[in-house]
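# Notes for the structure review
If you want the building blocks of each chain, they are given just below.
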Amino acid sequence: FSQGSATAWRAVAAGTVACENLVIWAGSVPLEPALPPALRQARILLAAGDADALVSPARAAQQEASLAAAGLRWRALRYAGGHTVPPEALAQAQ
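Residues numbered from 1 in each chain as written. Predicted model: local features only at pLDDT ≥ 70, side-chain atom pairs only at ≥ 80, totals over all residues. Heavy atoms only, no water.

## Describing the overall build of the protein chain
Counting its secondary structure elements, the protein chain contains 4 helices and 3 strands. Helices (α) and strands (β) of the protein chain occur, in sequence order from the N terminus, as α-β-α-β-α-β-α. A compact globule built from 94 residues should have a C-alpha radius of gyration of about 12 Å, and the protein chain, at 12 Å, falls within 12% of that. C-alpha extents for the protein chain along the principal axes are approximately 35 × 25 × 20 Å. Scored against the burial criterion, the 94 residues of the protein chain give a buried share of 35%. (Helix = DSSP H or I, 4+ residues; strand = E, 2+ residues; numbered from the N terminus. Rg over C-alpha atoms; globule rule 2.2 N^0.38 Å. Buried < 20%, exposed > 50% of the residue type's maximum accessible area, 1.4 Å probe, protein only.)

Given below as structure tokens:
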């Protein structure tokens, strides 16, 4: 969640942890120019509220475009709310 998203992303990218599913919740994806193979094997969920002050809709769209351009397997989950993890949105993440 939040700042931990970048930490999780980099741990998977470095091959430090094996990962089938990577959840980036209300956080930013570090958009390095070259994506390591480990990220190509993970299914990625980008989740953010439509009123999140840290992950604006414009930032979310930028991240989604970058993941799509990189050919990664991902999906977006946008929900009503701010920088939180609402139970209803969490249920949709599964």
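Okay, back to it.
## Observations concerning the sheet that holds strand 1 (residues 21-25)
One open sheet holds the 3 strands; their spatial order is 1-2-3, and the pairing between them is parallel. One side of each edge strand has no neighbouring strand; the edge strands of this open sheet are strand 1 and strand 3 (73-79). Mean inter-strand twist for the sheet, computed between neighbouring axes without regard to direction, equals 15 degrees. Alignment of strand 2 (residues 43-49) against strand 3, held across 7 bridges, turns out to be parallel. Bridging across to strand 3, Ile-44 finds its partner in Trp-74. Strand contacts of helix 1 (residues 4-13): strand 1 and strand 2, with the helix running at about 155 degrees to strand 1, the strand carrying the most contacts. Along the sheet, helix 3 (residues 57-69) contacts strand 2 and strand 3; its crossing angle with strand 3, the most-contacted strand, is approximately 165 degrees. (Pairing = 2+ DSSP bridges. Axes fitted to C-alpha atoms, helices over the stretch in contact; angles between N-to-C directions. Contact = heavy atoms within 4.5 Å.)

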